[in-house]
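This is what each chain is made of:
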Amino acid sequence: MGAQILVIEDDADLRAEMMDFLERRLNTVRACETLAEAEEVLKEMRPDVVMSDINLPDGDGASFCMAHAGNHTQAKWLLMSGNQELVRHGNMLRSVAETPPYAVLDKPVPLRLLDNFIRSWMNRAR
């Protein structure tokens, strides 16, 4: 049984590539271009994993994670960015006591690493 995954990525090609890869591994994937779209999806979806770009057209994925992780405690959050400064910022936020647990990865993220991340999380959750 696959995972319920929400992908938030504004790059259409990367979003489609990630979605295709994850669906071929029998996951159920919802993909969004903006945080506003993701907000609507989270009203009806209970994701196991949320993967979000940090730098999005309508805000930043790290703040979105901080705002929504408390309502989705079952989900593992993965933040991604190709901008080293944003990756450092995302990692620095992890040291704040009230932040939810999440991982931060450099983009482009190797697809096999995403698959390993999801499998590892799902095995621990069971």
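Residues numbered from 1 in each chain as written. Predicted model: local features only at pLDDT ≥ 70, side-chain atom pairs only at ≥ 80, totals over all residues. Heavy atoms only, no water.

Peer 1: I'd love a proper account of the overall build of the protein, names of residues and values included.
Peer 2: Looking only at helices and strands, the protein has five helices and seven strands in total. Secondary structure elements of the protein occur, N-terminal to C-terminal, as β-α-β-α-β-β-β-α-β-α-β-α. Per-residue burial over the protein gives 48% buried out of 126 residues. Look at the contacts in the protein between residues 6 or more apart in sequence, and 71% of them connect residues 24 or more apart. For the protein, the accessible area works out to roughly 6,800 Å², and carbon and sulfur atoms hold 49% of it. (Helix = DSSP H or I, 4+ residues; strand = E, 2+ residues; numbered from the N terminus. Buried < 20%, exposed > 50% of the residue type's maximum accessible area, 1.4 Å probe, protein only. Contact = heavy atoms within 4.5 Å. Areas by Shrake-Rupley, 256 points an atom, 1.4 Å probe, with all protein chains shown as cover.)

Peer 1: Would you mind going over the pairing of strand E6 (residues 76–81) in detail, with residue names and values included?
Peer 2: A regular strand carries its side chains on alternate faces of the sheet. With six of six residues buried, E6 lies mostly within the body of the structure. Of the two faces of E6, both are covered, the one formed by Lys76, Leu78 and Met80 as well as the one formed by Trp77, Leu79 and Ser81. Two elements, strand E3 (residues 49–53) and E6, share five bridges in a ladder whose sense is parallel. Bridge assignment links Val49 to a residue of E6, and that residue is Lys76. (Pairing = 2+ DSSP bridges.)

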